[in-house]
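# Commentary on secondary and tertiary structure
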Amino acid sequence: MSDKSYPIAAEATICQTLRCLPQKFLVDFVNGIEVARDNRTIQIQRSGSIFQRMYDGFSGQGTRRQGQINDSVIDTLDSSLQWLNDLSRELAQSNLAICKVNERVSDLVQQVSHLADVSFATREQLQKLTQTLCVRMHDMERRVQQVEMQQAAGIHLDSVFAKWAAGKFSDVSASARYYAALQELWWGDFGDCFRSCEKSRSTELLGTLMNKGITQLAQDVGIRPTDVCNTREIWLQAPPRDSHNDDMGQALAWLASDRSVDVSPFTVCVTRELSRQWPRQVPLLTTADRLVRAMTQEVFSHD
Amino acid sequence: MKLEYTSDVELLRSEILRQMDVFDDLLCQAEKGNWLPDISRQNDDETDRSLRKIRQSIQTEIHRVKNVDVVLAVVGTMKAGKSTSINAIVGREVLPNRSLPMTALPTLVRHVKGCQTPRLEFKKYKPVNELAEKLRKKISKIKHQKDRQKNTGAVDESMEELIQEIRSGNFSVKEKYEGEREVFQFLRQLNDLVRLSVYYDEMFPFGQYGSMPEFPCISVEFTHLAEQNARSGSFTLLDTPGPNEAGANSELFRRMLRTQLRDASAVVLVMDYTQINSVADQDMRDHIDVVARIAGDRLSVLVNKIDQRQRNDQDDQALKRMIVGLFQKIQLAEERIHPVSSSYAYLSARAGSETTAIIRSLHAASVAEDNAWMEDFWKEGGGGPVFKKIVCDDIKSGNEVQAGGRIKEVVEQLWKESKFDEVLENVIQRAFSRADQIVLDSAGAKLLDHLEWLVDALKPRKLALIGKGEDTRAIIARERRHISSVGETKKKMRTVAQKKMEKYRGELNRRLGHFQDEFENRVLIMVQNRKEISFDTEEEAKIFLEKVRVAAKKSLDEVEAGIKKMSDNFNAEMQKELDGSIQSIKNLNLGGRKGMLDYVAPPDPKSIKIDIHLPPEELAEITEKRRVVMEEQEGLWGGVKRFFGSILGQNDWGLDERTVSDGFKINGNNMYDKLRDYCQESAASINRSIDKGLDEVNNVISDFFDKFDKKIQDFVIGLEQGLRDKETKIKSEQEAIVSLLDSALGSLGNLKTDIDNWRKAFALQTEVASAGAT
């Protein structure tokens, strides 16, 4: 059983199962840093969420008095940047995360350059960060040129599906399991390869991914890939509450928190409690094939 | 397939509504965003499907899916308690419950939530008034009641009342009746009027009442449905006169019955439990067969009056097995047979909703005539007078609550024993689901059709935009050649079809000629030139008639088998020719897309079906021959009369005339005429059905080629629009159109997948439903 307020550290099971979580955390964290000191907004909005629990877990401050930690970390830009530097070194494993952090840091450098009252320490932190990220980016470019990345993508794909087949995602509904796999792949080597390779190769990668997804989904539900099932009662049916850990559900909801129903109706349907209106684009009766195609399209056309 | 997950009609309904909603949204975008080629949008003639028309069609389908009208037709065998069963389903007495056969018009009883006072609407009332006027003229010619009774036989009070009203010119039917009493009175009078018209040989205008909107319709809240969540659409019972209520108009009634049952969502046949053992009776068997054949898998059976079951009678299971055995025309599942007591159900429903009235009547210590049902309630409700006394005592001692409680217990008990819960659950539910099926099927087919049209209209524009101009122009030129090529194939196919039809028709005429010869040699010869055919016993006459009937049937069976074989060959040959034509069109590789043909349904010329009439059931009337014999009067006086008679030349003196039976006879001439008419009518009917079949084959061929022709023309129009875009718009505008079309085609592609999946689930649901039916 999970405790909703219990901090999540890097070595927590959920972070081992969903390796994309720290990547997403890092990106959200850097996007939350605001020079104008209103970064509190983001953090307050995420209070109580998976982000907050990871924040507490990763900062190792979960055991201390919460108020103090927040104040000490958020209140100063310096300390935020310092922590980001550490986090980038420790957590950033995917090129996607590094690129996104790099984009945000470049923005911050731009903003800081226009301000007179920014401390030397802050400028130094930013400089350090830029350098670190630059090295990682170069490294990434080098990898892209090599066959290594394609192999890594294949290995990544196999490992994610092996994890699924081993029941690591079984706390959530069948369709949410596929969403978990998609997120893992998007944030990792598979996603990196997909984003950097030629269109024909990326189409091939997605084809392989979808075939695996359809097979695994059908197997999970115990049907044939072309069998039509009730979306709500089969594809979205989560295992009984008392027997599963809700961390996974919360983590997936957080991963999809920036998705809107207009653009990603399947993602919203799969990751959120649908107490209100059913997304109009999502069929009430569907096959593994259709579900997989739609979800893959929503995640992998995500910029 | 996972049967359990997709057998939910509600889910299918919600999903098709969702799909239609999404499609309507796309159509709206297409209209606003000018997705379609200009010509397609402007052309609005009969054959063209403009966006506006498609949107209208989709809106109509949405409305139909949301408002499914369910009609449950109820038919009864003789005195089976059909009206009581309808009253039991409604939960109140809306139909007169008479022991006379109700040879009246079919009547609709519609559930309208909140409608406590029944009201009847009879829009087409004028023909009935015209009949009444004709009857008035006839009745007024007969002065005395005694003479009138010669026509009508003994009349009951209500009939006498009606005769008086008609006679005095006071009788007229209105369009609307309000309240239980008025409705009741009207139905009774209508029934009497039908009987009266038979007596006075004045045809009731049944022919003018061909479809449901023309029947009288009673609106009232059904007690058992009152608590249910209002579902859109209506639920209506159709009180259907059965063929054995028809008397002289049997053929007309059968035709009416066929139409009514065909249009109903489900059919309930009410049978009389106490008459089950007399099912060998041909009338009853015929009736069951007629209903079963028309209703097919929509049929449920109520075996009514099980309250009259004796202790040693068979149990429900044995009863159901026996009933299954009665149905020869269809395989009826035991689950569709419901042993019930409609009178218990009716009494329970009525007493349940009018408990206060019962208590009030006990206060008054009398039961008004209108409340005769209360007496039945005391009688049937267990305990009879004893129970009534207990309740009376409660009331006398001021304990009305306790009295109400006792009545409620009996109400519940009666309901339980009526076994009507099962009927309401299964039969009504089945009616809903059948109605859903029809509506859903049509919605699914229309949606797919419209969607494919839109996809076809968008694709060529995009093709032209992303392709090279000169290539597109070349394709357009080639497609135009294809249009004329398809035209030629159509012409060729029609010529081939015409030749084959002529050959078929020649062969058919030969066979029909042969049939008529055979019929003459084998059947007509049996009665030819025999003015009167005599038999010693009635049994012998019956055997003879059966022999003729069998010979007639055999002749017909032979011609039917021959024509069927010939038609099958014709169908197969036509299919082969069409397959060849389709292949030649496929080889054209239209628009570079071989899949184009998939969008036009291939023609299916297997539409020739021959319509065979069975020989008439009554070939001739068997009449007894009577002979007058002179018999000597007994006694001395008789002897004296004969003696003087012989002296005076009066040979009949002392003798009495007596009529004695002299065997039985059949009028051979009449029978000959009847059989000859039958033979000619059979040949004509076969000819008619073949004509119809050949017409359909012609239509199918024309339809196929016309649709195909239209497809290629639409394709060319789309290409031309794309070409115009390419020539007149700047690059960024062209890219914007391509991106728009891509996104639209993507959405339509997803929707197409959803429709295909829905159709799969729907087919499965239908399969499950019909598996349940058999």
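Residues numbered from 1 in each chain as written. Chains lettered and ligands numbered in written order. Predicted model: local features only at pLDDT ≥ 70, side-chain atom pairs only at ≥ 80, totals over all residues. Heavy atoms only, no water.

## Some details on the packing of helix α4 (residues 50-58) of chain A against helix α14 (residues 247-255) of chain A
Residues and elements named next belong to chain A. Axis separation between α4 and α14 bottoms out at 9 Å; the angle between their running directions is 105°. By the criterion of interaxial angle, the relationship of α4 to α14 is roughly perpendicular. Packed against α4, whose contacting residues are I50, F51, R53 and M54, the element α14 presents D247, Q250, A251 and W254 at the interface. Counted by class, the contact of α4 with α14 contains five nonpolar, one polar and two charged residues. (Axes fitted to C-alpha atoms, helices over the stretch in contact; angles between N-to-C directions. Helix = DSSP H or I, 4+ residues; strand = E, 2+ residues; numbered from the N terminus. Parallel < 35°, antiparallel > 145°, perpendicular 65-115°, else oblique. Contact = heavy atoms within 4.5 Å. Nonpolar A, V, L, I, M, F, W, Y, C, P; charged D, E, K, R; others polar.)

## Details of the pairing of strand β7 (residues 266-272) of chain B
Residues and elements named next belong to chain B. For β7, the tally of buried residues reaches seven of seven residues, placing the bulk of the element in the interior. Of the two faces of β7, both are covered, the one formed by A266, V268, V270 and D272 as well as the one formed by V267, L269 and M271. When strand β1 (residues 70-76) meets β7, the two strands line up parallel, connected through five bridges. Note that in β7 the partner of L72 across the bridge is A266. (Buried < 20%, exposed > 50% of the residue type's maximum accessible area, 1.4 Å probe, protein only. Pairing = 2+ DSSP bridges.)

## Things to note about the side chain of B:T240
All names here are of chain B. Tracing the chain through its elements places T240 in strand β6 (residues 235-240). On the basis of relative accessibility, which here comes to 0%, the residue T240 falls in the buried class. A distance of 3.1 Å separates a polar atom in the side chain of T240 from the backbone oxygen of L238. When near neighbours in sequence (up to four residues on either side) are disregarded, T240 contacts A73, V74, V75, K82, L257, Q260 and L261. (Polar contact = N/O pair within 3.5 Å; in protein donor to acceptor, adjacent residues only side chain to side chain.)

## Quick word on the packing of aromatic side chains
All chains considered together, the criterion is met by 23 aromatic pairs over all chains. Seen from their ring centres, A:F29 and A:Y55 are 6.1 Å apart, and the 45° between their planes marks the pair as tilted. Residue A:F29 is located in helix α2 (residues 20-32), and its partner A:Y55 is located in helix α4; the two are separated by 26 residues in the primary sequence. The class for A:Y55 is buried, based on a relative accessible area of 0%. Relative to B:F235, the ring of B:F222 lies with its centre 6.0 Å away and its plane at 80°, an arrangement referred to as edge-to-face. Here B:F222 is found in the loop between β5 (217-220) and β6, whereas its partner B:F235 is found in strand β6, with 13 residues between them in sequence. The burial state of B:F222 is the same as that of B:F235; both residues are buried. Members of the aromatic cluster, each reached through a chain of ring pairs, are A:F25, A:F29, A:F51, A:Y55 and A:W254. For the cation-ring pair, A:K24 lies above A:W254, with the distance from its terminal atom to the ring centre recorded as 5.6 Å. (Phe/Tyr/Trp six-rings, centres within 6.5 Å; stacked < 30°, edge-to-face > 60°. Lys NZ or Arg CZ within 6 Å of the ring centre and 35° of its normal.)

## Quick look at the interface of chain B and chain A
Of the residues lining the interface, 19 residues belong to chain B; the matching set on chain A comes to 19 residues. For the chain B and chain A pair, buried surface summed over both sides reaches about 1,700 Å², with 59% attributable to carbon and sulfur atoms. A:R280 serves as the salt-bridge partner of B:D21, at 3.3 Å between the closest nitrogen and oxygen. On the surface where chain B and chain A come into contact, there are eight residue pairs in polar contact (both at pLDDT 80 or more). Elements with a contribution of two residues or more to the side of chain B that touches chain A: α1 (3-6), α2 (9-32) and α23 (731-773) of chain B. Along the lines of polarity and charge, the residues of the side of chain B that touches chain A split into seven nonpolar, five polar and seven charged. (Buried area = accessible area lost by both parts, 1.4 Å probe. Salt bridge = Lys/Arg side-chain N within 4 Å of Asp/Glu carboxyl O.)

## Observations concerning the nonpolar core
Residues and elements named next belong to chain B. In this structure, L299 and F327 are the most contacted members of the largest nonpolar core, which totals 249 residues. With 20 residues, the top contributor of residues to this core is helix α18 (residues 420-466). Sequence-distant contacts of L299, defined by excluding residues within four places in its chain, comprise V267, L269, V291, A292, F327, I330, L332 and R336. Core analysis: the second largest hydrophobic core is formed by 49 residues, F544, A551, I563 and C679 among them. (Core = buried A, V, L, I, M, F, W, Y, C linked by side-chain atoms within 4.5 Å.)

## Quick look at a negative patch on the surface
All names here are of chain B. Taken together, the side chains of D536, E538, E539 and E540 make up a negatively charged region of the molecular surface. Among the secondary structure elements, E540 is positioned in helix α20 (residues 538-586). What makes E540 partly exposed here is its relative accessible area of 37%. (Patch = residues over 30% accessible without salt bridge, like charges linked within 9 Å, V, L, I, M, F, W, Y side chains within 5 Å. Areas by Shrake-Rupley, 256 points an atom, 1.4 Å probe, with all protein chains shown as cover. Lys, Arg positive; Asp, Glu negative; His and termini not counted. Charge placed at Lys NZ, Arg CZ, Asp CG, Glu CD.)

## Considering the confidence of the model for chain A
Summing up the model confidence of chain A, the mean pLDDT is 81 and the portion of residues at 70 or higher is 83%. Across residues 63-74 of chain A, where pLDDT falls below 50, the model places 18 contacts with residues more than four positions away in sequence or in other chains. (pLDDT = per-residue confidence, 0-100.)

## Observations concerning the side chain of A:S202
All names here are of chain A. Structurally, the position occupied by S202 is in helix α12 (residues 199-221). The buried category is assigned to S202, whose relative accessible area is 10%. Leaving out residues up to four positions away in the same chain, S202 has contacts with F194 and C197.

## Considerations on the sheet that holds strand β10 (residues 532-535) of chain B
Residues and elements named next belong to chain B. With antiparallel pairing, the three strands of this open sheet are ordered in space as β10-β12-β11. Each of the sheet's edge strands pairs with one partner strand only, and the pair in question is β10 and β11 (622-632). Strand after strand, the sheet turns through a mean of 45° between neighbouring axes, direction not considered. The sheet contact formed by β11 and strand β12 (residues 655-667) spans 10 bridges and is antiparallel.

## Here we look at the state of the cysteines
All names here are of chain A. Under the counting rule described, the total for this entry stands at zero disulfides over all chains. The cysteine C20 is free of any disulfide, with C15 supplying the nearest cysteine sulfur at 9.2 Å. On the basis of relative accessible area, C20 is assigned to the buried category, the value being 1%. (Disulfide = S-S within 2.5 Å.)

## Brief notes about the sheet that holds strand β4 (residues 176-178) of chain B
Residue and element names in this part refer to chain B. In spatial order, the strands read β4-β3-β5-β2-β6-β1-β7-β8-β9; together these nine strands make up an open sheet with mixed pairing. Looking at the sheet topology across the chains shown, the edges are occupied by β4 and β9 (337-339). In this sheet, neighbouring strand axes are inclined to one another by 20° on average, regardless of whether the strands run parallel or antiparallel. Relative to β6, β1 is paired through six bridges, and the arrangement is parallel.

## Quick look at unusual backbone geometry
Residues and elements named next belong to chain B. Phi is positive for K305, close to 75°, though the residue is something other than glycine. In this fold, K305 is placed in the loop between β8 (299-304) and α12 (316-326). Of note, K419 is a non-glycine position whose phi angle comes to about 60°, a positive value. Following the sequence through the fold, K419 ends up in the loop between α17 (400-418) and α18.

## A word on the pattern of salt bridges
Residues and elements named next belong to chain B. Counted according to the given criterion, the structure contains 59 salt bridges over all chains. With a shortest N-O distance of 3.0 Å, R522 and E558 are connected by a salt bridge. Pair noted here: R522 is in helix α19 (residues 469-522) and E558 is in helix α20, with a separation of 36 residues, a long-range link. Residue classification places R522 among the partly exposed residues on the basis of a relative accessible area of 27%.

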